[in-house]
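Read off the chains here:
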There are 4 protein chains.
Amino acid sequence: MTTVGVGLIGHAFMGRAHSQAWRNVGAFFEPELTPLMTALAGRSAERTARAARALGWASAETDWKALLRRDDVQLIDICTPGDGHAEIAIAALDAGKHVLCEKPLANTVAEAEAMTDAADRAAAKGIVAMVGFNYRRIPAIALARNLVAQGRLGTVRHIRAQYLQDWLTDPEAPWTWRMDRERAGSGALGDIGAHIVDAAQFITGDTLTEVSGTLHTFTGTRPHPDGRKPVTVDDSAIFTARTAGGALATFEATRLATGRKNALRIEISGTTGALAFDLEALNELWLLDDHDTTAGFRRILVTEPDHPYAGAWWPPGHLLGYEHTFTHQAADLLNAIANRSAPSPSFADGLQVQRVLAAVQQSAAAQSTWTPIR
Amino acid sequence: MTTVGVGLIGHAFMGRAHSQAWRNVGAFFEPELTPLMTALAGRSAERTARAARALGWASAETDWKALLRRDDVQLIDICTPGDGHAEIAIAALDAGKHVLCEKPLANTVAEAEAMTDAADRAAAKGIVAMVGFNYRRIPAIALARNLVAQGRLGTVRHIRAQYLQDWLTDPEAPWTWRMDRERAGSGALGDIGAHIVDAAQFITGDTLTEVSGTLHTFTGTRPHPDGRKPVTVDDSAIFTARTAGGALATFEATRLATGRKNALRIEISGTTGALAFDLEALNELWLLDDHDTTAGFRRILVTEPDHPYAGAWWPPGHLLGYEHTFTHQAADLLNAIANRSAPSPSFADGLQVQRVLAAVQQSAAAQSTWTPIR
Amino acid sequence: MTTVGVGLIGHAFMGRAHSQAWRNVGAFFEPELTPLMTALAGRSAERTARAARALGWASAETDWKALLRRDDVQLIDICTPGDGHAEIAIAALDAGKHVLCEKPLANTVAEAEAMTDAADRAAAKGIVAMVGFNYRRIPAIALARNLVAQGRLGTVRHIRAQYLQDWLTDPEAPWTWRMDRERAGSGALGDIGAHIVDAAQFITGDTLTEVSGTLHTFTGTRPHPDGRKPVTVDDSAIFTARTAGGALATFEATRLATGRKNALRIEISGTTGALAFDLEALNELWLLDDHDTTAGFRRILVTEPDHPYAGAWWPPGHLLGYEHTFTHQAADLLNAIANRSAPSPSFADGLQVQRVLAAVQQSAAAQSTWTPIR
Amino acid sequence: MTTVGVGLIGHAFMGRAHSQAWRNVGAFFEPELTPLMTALAGRSAERTARAARALGWASAETDWKALLRRDDVQLIDICTPGDGHAEIAIAALDAGKHVLCEKPLANTVAEAEAMTDAADRAAAKGIVAMVGFNYRRIPAIALARNLVAQGRLGTVRHIRAQYLQDWLTDPEAPWTWRMDRERAGSGALGDIGAHIVDAAQFITGDTLTEVSGTLHTFTGTRPHPDGRKPVTVDDSAIFTARTAGGALATFEATRLATGRKNALRIEISGTTGALAFDLEALNELWLLDDHDTTAGFRRILVTEPDHPYAGAWWPPGHLLGYEHTFTHQAADLLNAIANRSAPSPSFADGLQVQRVLAAVQQSAAAQSTWTPIR
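Here the structure is a predicted model, which is why all the values come from computation and not from measurement.

### Considerations on the overall build of chain A
For step 1, the next point in the chain: Secondary structure summary: chain A contains 10 helices and 17 strands in total.
For step 2, the next point in the chain: Counting only C-alpha atoms, chain A reaches 60 × 50 × 40 Å along its principal axes.
For step 3, the next point in the chain: Once local pairs closer than 6 in sequence are excluded, the contacts in chain A between residues at least 24 apart make up 69%.
For step 4, the next point in the chain: For chain A, the accessible area works out to roughly 11900 Å², and carbon and sulfur atoms hold 50% of it.

Structure below.
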């Protein structure tokens, strides 16, 4: 068995989640490559060293570029804010490193295009680039995709997707970098709207072709130690869409859905079946595909040995959590590298989501007029 | 105690539901006027007579105009398709009869305006006109409105409303008059979209001011004994809206939501609270308005003596059904007539909903551009 | 079509519910006999006359025996407390009147036996006697029975049944006749425990053969205008049982389940399937009977045309309420009378439930020792 | 910061779960002692070595006694079947090692007593012994206990607890050591019944004082490579109980609850409030403790920073899974060792549960007669 040295950039929320994946993937999956937790990069030497110790990384760096120069690092895992993705990912790929990049792929379509170009160049050399839409690796979501692909729903007619959080409901909630267009690209749209766009397309295997959208900022300034700072991104994004397959879709991404903490909800209606999912009950998938006297949505507890990913963990009925998605992602990525197979989701997939987000912004700026993707 | 003679026009689905209300209102409520089930009007003499017997009406007429001429009829209850509403309601009001008219008020804004004018004229003479948005009388919906009015939700930020049915999912489901623009005015939009527009405005006490919408017909022709007939109305309507109070709203009304039989779902997010309702569980209202360690949406079983309407029926925990809304409507209407008080919802309320529907159609015809109401 | 004159005794909670049934059964079902709401009997002349008017009865009597003497009354509907059931029912049957008697059939096994004997005598003369376990007529419960009978669950292994109410949680809740052993026979056991025993046996088609039980009174005296009065019945009954078919069952009936208003919950586990029901969501039946990748409990909304009773009412997805059970009961009783067929549940069924309750009391008095039914 | 060397015995289901805890506790909690994954003991040299590599243990042993002799091991973690617990735990404690022992503490009361004696002896020397009722560390369960302790429920009246699994529903499910009384002590009773007894007592802070119980084996023999082998333990255990605080409790533990995979359900009814929990939705706690117009059970998503354990992980709304309980257990144990504080649950707690199980067996053998605990 061979190994791959991982260099992780960032040790905040996403960095901790990815570390958890690298630490545990070998105990549950038997990936064809064994990951070594080689180095963690962060800006503060002291904080990065402490994080490396706590999270299990063998060394620490204060310059991400150092990772690219290290021979013992073959995979760069990018967990920084979106404004840094393009520079790092392109440099890493060009340096011959495999790349895992958190979503959204970039803050702009142009950046995402450049990154996808770099991924294409790298692919020719057997280098793999994956974007981190981790929710694809929720067993219920992966099962949902399989069921649609098997035709259990017939032709998809409707997608209704919401990503509801509430951490900005309070007008006095503090300003963070996520409210800064320069750093974050957009607000609810890119942060959580990207997830529902990807989930909708992933589950249905269909592609959004045009959107009609609205962005709104309910609270224009927020408190900061330096005084109130302007919020330059959207609090909420609502949009409708049409798909290549002829479905109608509605999307809502908001940070003001009081009482909803992390409610990524998606419901798909097809001509012969339907399914529903809620991230706040992520071990469950609801499916309807019968039409006789006892038809009804059934609650599948997606913890059985024959469910995607679930069999690697615990016996039936023993729930998985949020973080398991990252472990699944790590396992799939390691196998893709080992097999030199195309990773999923690819940078091209991330670019396509970026184009949807850009079209929503464009439509919102044009009175919500229908706007083609691309 | 005095009485009011009721003349009902129509004995299909809505006629049966209204009959149930007139038959039972006196046993549970103590309305200030006692309704007499005086006459039922329908087109077929034989079928109308049989329906009158089954439903408890004392006489039958084959011409609705006969009801207007009868001195023993003081209240006309209109349960015909929408294309007949304007003529009947205006004639009845002008003849000095109180009117209860099923929703949507009319098939066009022009008709609804003429009806509202007639209602205004009649009001000056103490004559009452009410439109039948019966869902306002679901105890959970009425309680929801009270809670918003009490400020339990703070400022409303989001409305997400869906009315999901599935009876047209099958492309071979037969053609009915509801698919004919001449008779029905529109499809899902007017039939069930009208309900969620009214419910959203009723619960929040807020008013939609502009919409961006899309209408879609998935199945263009449907089987009929005379051969396939064209479907000239929408199967599905999706639209977003802004309100006078500054909220963002999303609406979806569809007849192709496989497995959803009658799912009028509405969720309101405010700055300090939220609530959620689903007509498929109509005795429940979900409320969140606390923010401490034990905060969570709570399931209020709206069957307590201090809940709207519920106390008139059974002990706590004994569920009410769909039809009870009509009995509540009858009780409120009888009291409005007795007290010469303004009925709610008024024809003006019905007209406003009609204008929303018209704006959705206009927006849909203009690439989903934001379109003001009126 | 012929008619049957109904004489109702009692106009409190049950009397109102039964009146609702007689008033509406003809509008939804087409029973082979038309019921006439001939007379209402109560103790107070004034209150009975007023109730008769409100509830739709043509006349009022202050002595139930007068009903037995009236030729225009052919059916006696007994809605009095349990201590009066035996005398009235036996006299009515012996007078050649059909009888509908509220549950529990009687306060003692001896009374129930005498009543069953009277029913047997009457049956020989074409007279029908039914006991009012109305929950058998909930569409979801009737469907559940059908599914078990079809073998969808395989062999039943477990029954877990609870009837949870909370109106005696407060130690200061006032004393009523329901807390008096003389009037009520027992407390939670006979009032609501009877319902879960009947429902369990009805759904499974199986019979309890022995029980091990405990009765408990948490609050020994309760306030009354005349001072605190002793509570001589149980607040709560918990018991386990074995069935003829080899299943194990657990039962809990309590009036101290805080926050549960009317939660009759029953879950049946069989070798190949399972089902679950909760009266607080009475339009739903949960069924599991598949065992592949998408197995799960499915929520059947029991409002479809091919569901028991449901087709007579409204379109799919339009909920029924508590009171509809009484209308279904009336329809079935009228048809049984018309067809001279054996009514279900019969007095013998009611007697069997009474024997279960007696065995629970006997076991409770003997340290919860297993006690055979009869 | 100092460290503690851990020696784990067993690498099947529980061994994997405990390994996950030792591997990750440092990344999320900051325990006052750092655990070192020093050695794994198992019977097969080859399988143990492979497991040690996969799970992150630094060395492997084929004799658990070797762990007791190693100076670099200070904590023995026992994940073997119940018949080995007593010998290992007593030897380890007497050798001056801290002990974490999986539940149930032992297969008999006598063994559990001897173990508790050993724990008492060890405690005098600052040695800690904890039994692994991991569900106490579910955030929702820990929160439930806090709420009861705060008096939010008033006086507890009812406990209803079920642990429902279905892996023995099929009569042809294969024989395993869990069906052998010699190895497992009992069946559903000790395996999952122990969990609901502990959870009930932990949440309420109350103690069972007597039980009335029944054990049942539906399938007497099961297939094994050597031919059908007898099942010498119970498939299902149902029992009722009284508590020191005056509550009535019902318990059901079964392996034949078709469709229920891991449904540890517990509902507590108090004089002023109630709560409900289901392990199949382990991030949720349902609480009712208000009594006004908007009273209802509320769904607390137990993922907030101020919820027990939850703040150490992810932002609100990001779910935890089954395995997190073991990490919480490890953190608490490490702190107990560091602080020389009494561990919870102690071996005495485990002994008390064992006595409850023994009393159930005794009652079951005596016609379900009420039997005191001890």
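### A few points about helix H8 (residues 188-204) of chain B
Residue and element names in this part refer to chain B.
For step 1, the next point in the chain: Taking 1.5 Å per residue, 17 residues should reach 24 Å; H8 reaches 23 Å between its end C-alpha atoms and fits that length.
For step 2, the next point in the chain: Along its length, H8 shows its largest kink, about 35 degrees, at Ala194.
For step 3, the next point in the chain: Burial analysis of H8 places 17 of its 17 residues in the buried class, the great majority of the element.

### Focus: the interface of chain B and chain A
For step 1, the next point in the chain: With 41 residues of chain B at the interface, the matching set in chain A holds 41 residues.
For step 2, the next point in the chain: Where chain B abuts chain A, roughly 3400 Å² becomes buried across the two surfaces, and 56% of that area is made up of carbon and sulfur atoms.
For step 3, the next point in the chain: Counting the contacts that link chain B with chain A gives 6 salt bridges.
For step 4, the next point in the chain: Measuring nitrogen to oxygen at the nearest pair gives 2.7 Å for the salt bridge that ties Arg260 of chain B to Glu267 of chain A.
For step 5, the next point in the chain: Put simply, the parts of the chain that give the side of chain B that touches chain A at least two residues each are strand E7 (156-164), strand E8 (208-216), strand E11 (236-243), strand E12 (248-254), strand E13 (263-270) and strand E14 (274-278) of chain B.
For step 6, the next point in the chain: Of the residues contributing to the side of chain B that touches chain A, the split by class is 12 nonpolar, 22 polar and 7 charged.

### Considering the sheet that holds strand E5 (residues 98-102) of chain B
All names here are of chain B.
For step 1, the next point in the chain: With parallel pairing, 6 strands are arranged side by side in an open sheet as E3-E2-E1-E4-E5-E6. This sheet does not close on itself; its edge strands, each paired only once, are strand E3 (59-61) and strand E6 (129-132). Averaged over neighbouring strand pairs, the angle between their axes works out to 25 degrees when direction is ignored.
For step 2, the next point in the chain: Here strand E1 (residues 2-9) runs beside strand E4 (residues 75-78); their pairing, made up of 4 bridges, is parallel. Within E4, the residue paired with Gly7 across the bridge is Ile76.

### Some points on the interface of chain D and chain B
For step 1, the next point in the chain: Counting from both sides, the interface comprises 16 residues of chain D and, opposite them, 16 residues of chain B.
For step 2, the next point in the chain: Here chain D packs against chain B, burying approximately 1200 Å² in sum over the two surfaces, 50% of which is carbon and sulfur.
For step 3, the next point in the chain: For the chain D face of the interface with chain B, the top three residues by lost area are Thr293, Thr294 and Arg298 of chain D, together amounting to 48%.
For step 4, the next point in the chain: If you look at where chain D meets chain B, you find 2 salt bridges.
For step 5, the next point in the chain: Arg298 of chain B is the partner of Asp290 of chain D in a salt bridge, and the nearest nitrogen-oxygen pair spans 3.4 Å.
For step 6, the next point in the chain: Counting the contacts that link chain D with chain B gives 12 residue pairs in polar contact (both at pLDDT 80 or more).
For step 7, the next point in the chain: Secondary-structure elements contributing two or more residues to the side of chain D that touches chain B are helix H6 (139-149), strand E15 (284-288) and strand E16 (297-301) of chain D.
For step 8, the next point in the chain: With 4 residues, the single largest contributor to the side of chain D that touches chain B is E16 of chain D.
For step 9, the next point in the chain: In the side of chain D that touches chain B, the residues fall into 7 nonpolar, 4 polar and 5 charged.
For step 10, the next point in the chain: As judged from the 3 bridges shared by strand E16 (residues 297-301) of chain B and E16 of chain D, these two strands associate in the antiparallel manner.

### Digging into the environment of Ser212 of chain C
Residues and elements named next belong to chain C.
For step 1, the next point in the chain: Along the chain, the position of Ser212 falls in strand E8 (residues 208-216).
For step 2, the next point in the chain: Take Ser212: its relative accessible area is 3%, and that puts it in the buried class.
For step 3, the next point in the chain: Ser212 sits 152 residues away from Ala364 along the chain, and the two C-alpha atoms are 7.3 Å apart.
For step 4, the next point in the chain: Here the side chain of Ser212 touches Ser368 through a polar contact of 2.6 Å, landing on its backbone oxygen.

### Things to note about the nonpolar core
For step 1, the next point in the chain: With 233 residues, the main nonpolar core has Phe347 of chain B together with Phe347 of chain C as its most contacted residues.
For step 2, the next point in the chain: Of all hydrophobic cores here, the second largest spans 232 residues; its members include Val6 and Val197 of chain A together with Val128 and Ala161 of chain D.

### Quick look at the packing of helix H4 (residues 85-94) of chain A against helix H5 (residues 109-123) of chain A
Residues and elements named next belong to chain A.
For step 1, the next point in the chain: The contact between H4 and H5 brings their axes to 9 Å, and the two run at 10 degrees. If you check the angle between H4 and H5, you find them roughly parallel. In the crossing of H4 with H5, the sense of the turn from one axis to the other is left-handed. For the pair H4 and H5, contact is made by His85, Ala86, Ala89, Ile90, Leu93 and Asp94 and by Glu111, Ala114, Met115, Ala118, Ala119, Arg121 and Ala122, respectively.
For step 2, the next point in the chain: Of the residues belonging to the contact of H4 with H5, the class tally is 9 nonpolar, 1 polar and 3 charged.

### Concerning the pattern of salt bridges
Residues and elements named next belong to chain D.
For step 1, the next point in the chain: Applying the stated criterion across every chain, the model contains 108 salt bridges over all chains.
For step 2, the next point in the chain: Between Asp198 and Arg136 there is a salt bridge, with the nearest N and O atoms lying 2.8 Å from each other. With Asp198 in helix H8 (residues 188-204) and Arg136 in the loop between strand E6 (129-132) and H6, this residue pair connects regions lying 62 residues apart in the sequence. An identical accessibility class is assigned to Asp198 and Arg136; each is buried.

### Side note on the relation of the copies chain B and chain A
For step 1, the next point in the chain: For the pair chain B and chain A, the relating rotation is 180 degrees, the translation along its axis is 0.0 Å, and the fit reaches an RMSD of 0.0 Å. Accordingly, the operation relating the two chain copies is best matched by a two-fold axis. Minimal C-alpha distance to the rotation axis in chain B is attained by Thr369 of chain B, lying at 2.4 Å.
For step 2, the next point in the chain: When the interface residues of chain B are mapped onto chain A, 100% of them again fall at the interface, so both copies present the same face.

### Thoughts on the environment of Gln74 of chain D
All names here are of chain D.
For step 1, the next point in the chain: If you trace the backbone, Gln74 turns up in the loop between helix H3 (64-69) and strand E4 (75-78).
For step 2, the next point in the chain: Put simply, Gln74 and Thr169 are 95 residues apart on the chain and 42 Å apart in space, counted from C-alpha to C-alpha.
For step 3, the next point in the chain: When neighbours within four sequence positions are excluded, Gln74 is seen to be in contact with Thr3, Val4, Gly5, Lys97 and His98.
For step 4, the next point in the chain: Within the structure, the side chain of Gln74 is placed 2.6 Å from the backbone nitrogen of Gly5, a separation counted as a polar contact.

Criteria and thresholds
Residues numbered from 1 in each chain as written. Chains lettered and ligands numbered in written order. Predicted model: local features only at pLDDT ≥ 70, side-chain atom pairs only at ≥ 80, totals over all residues. Heavy atoms only, no water. Helix = DSSP H or I, 4+ residues; strand = E, 2+ residues; numbered from the N terminus. Contact = heavy atoms within 4.5 Å. Areas by Shrake-Rupley, 256 points an atom, 1.4 Å probe, with all protein chains shown as cover. Expected span 1.5 Å × (residues − 1). Bend = angle between axes of the 7 residues up to and from the residue. Buried < 20%, exposed > 50% of the residue type's maximum accessible area, 1.4 Å probe, protein only. Buried area = accessible area lost by both parts, 1.4 Å probe. Salt bridge = Lys/Arg side-chain N within 4 Å of Asp/Glu carboxyl O. Nonpolar A, V, L, I, M, F, W, Y, C, P; charged D, E, K, R; others polar. Pairing = 2+ DSSP bridges. Axes fitted to C-alpha atoms, helices over the stretch in contact; angles between N-to-C directions. Polar contact = N/O pair within 3.5 Å; in protein donor to acceptor, adjacent residues only side chain to side chain. Core = buried A, V, L, I, M, F, W, Y, C linked by side-chain atoms within 4.5 Å. Parallel < 35°, antiparallel > 145°, perpendicular 65-115°, else oblique. Left-handed = near helix turned anticlockwise from the far one by under 90°. Least-squares fit on C-alpha atoms with pLDDT ≥ 70 in both.

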